[in-house]
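Structure assessment
Here are the chains, one letter per residue:
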Amino acid sequence: MRLRAHWRLLTVFSLTLLVFVGSQWPVGAQSAAKRPLTYDVVDAWRSIAGTKVSNDGQWLAYALTAPGDDGELVVRNLKSGQEFRHPRGTNPQITPDGKFVVFTIVPPKSETAAEGEGAGGAAPAPAAGRAGGRGGADSAESDRNSLGIMTLSDGTVTTVERIGSFKLPEESSTWLAYRKGVAPGAG
């Protein structure tokens, strides 16, 4: 009886070793030559920015960004798996009651690149500073942004054009403050 048990154990061990060695051999034989990374590949890499979770833990909002492509806002219901997306959305903020996501909509990168080329290939000149310490290059660029307000019950987005910045209160969902941007050619 003992001899039979030893033979079974030896047979199972030998077969396991044979299967393991046999399965590892083709992987090494099939390794293809790796090609080096180039700068065009780096432009397509996406990263997550501005992650926010609602106070009740039901909603997650984040922006997918890439250096060479327009970004995208993603809002996901963590309980049901439902997902809403909006092109070029960044900087999401979820209202304290969890009913809305307020975010910035940036201009398409193709517009920004075309304007840079239109100025002789140079970057646009920074705007003059405004009273109160606001102004400079950030202000000129941000005045081209829009404001998006996404209703989380159905994913509809209301857009307000030419917004410089916005702010939500910490404990109330009743108010939204935003600074209207300057129209092109004005001031």
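Going by the structure above, here's the rest.
Cut-offs applied
- Residues numbered from 1 in each chain as written.
- Predicted model: local features only at pLDDT ≥ 70, side-chain atom pairs only at ≥ 80, totals over all residues.
- Heavy atoms only, no water.
- Patch = residues over 30% accessible without salt bridge, like charges linked within 9 Å, V, L, I, M, F, W, Y side chains within 5 Å.
- Areas by Shrake-Rupley, 256 points an atom, 1.4 Å probe, with all protein chains shown as cover.
- Salt bridge = Lys/Arg side-chain N within 4 Å of Asp/Glu carboxyl O.
- Helix = DSSP H or I, 4+ residues; strand = E, 2+ residues; numbered from the N terminus.
- Buried < 20%, exposed > 50% of the residue type's maximum accessible area, 1.4 Å probe, protein only.
- Pairing = 2+ DSSP bridges.
- Axes fitted to C-alpha atoms, helices over the stretch in contact; angles between N-to-C directions.
- 1 Å grid on protein atoms, 1.4 Å probe; cavity = no way out; pocket = protein on both sides within 12 Å on 5 of 7 lines; lining within 4 Å.
- Points joined across faces, edges and corners; volume = space filled by probe spheres on them.
- Nonpolar A, V, L, I, M, F, W, Y, C, P; charged D, E, K, R; others polar.

A cluster of nonpolar side chains, Leu3, Trp7 and Leu10, forms an exposed patch at the surface whose accessible area comes to about 360 Å². Turning to its location among the elements, Trp7 is positioned in helix H1 (residues 2-29). Given a relative accessible area of 53%, Trp7 falls into the exposed group.

As a further point, take the sheet that holds strand S4 (residues 83-87). Strand order across the open sheet formed by four strands is S1-S2-S3-S4, with antiparallel pairing between neighbours. The open sheet has two free edges, formed respectively by strand S1 (47-53) and S4, since each of these has just one partner strand. Shown here is a sheet whose adjacent strand axes are inclined to one another by a mean of 20 degrees, direction ignored. Two elements, strand S2 (residues 59-65) and strand S3 (residues 72-77), share six bridges in a ladder whose sense is antiparallel. By the bridge assignment for S3, Tyr62 is matched with Val74.

Moving on to the layout of surface pockets. The computed volume of the largest pocket comes to approximately 360 Å³. Around the largest pocket, the lining comprises 19 residues; the ones closest to its centre are Gln93, Ile94, Phe166, Lys167 and Leu168. When residues of the lining of the largest pocket are assigned to their parent elements, the largest contribution, five residues, is made by strand S9 (residues 163-167). The class makeup of the residues in the lining of the largest pocket is seven nonpolar, nine polar and three charged.

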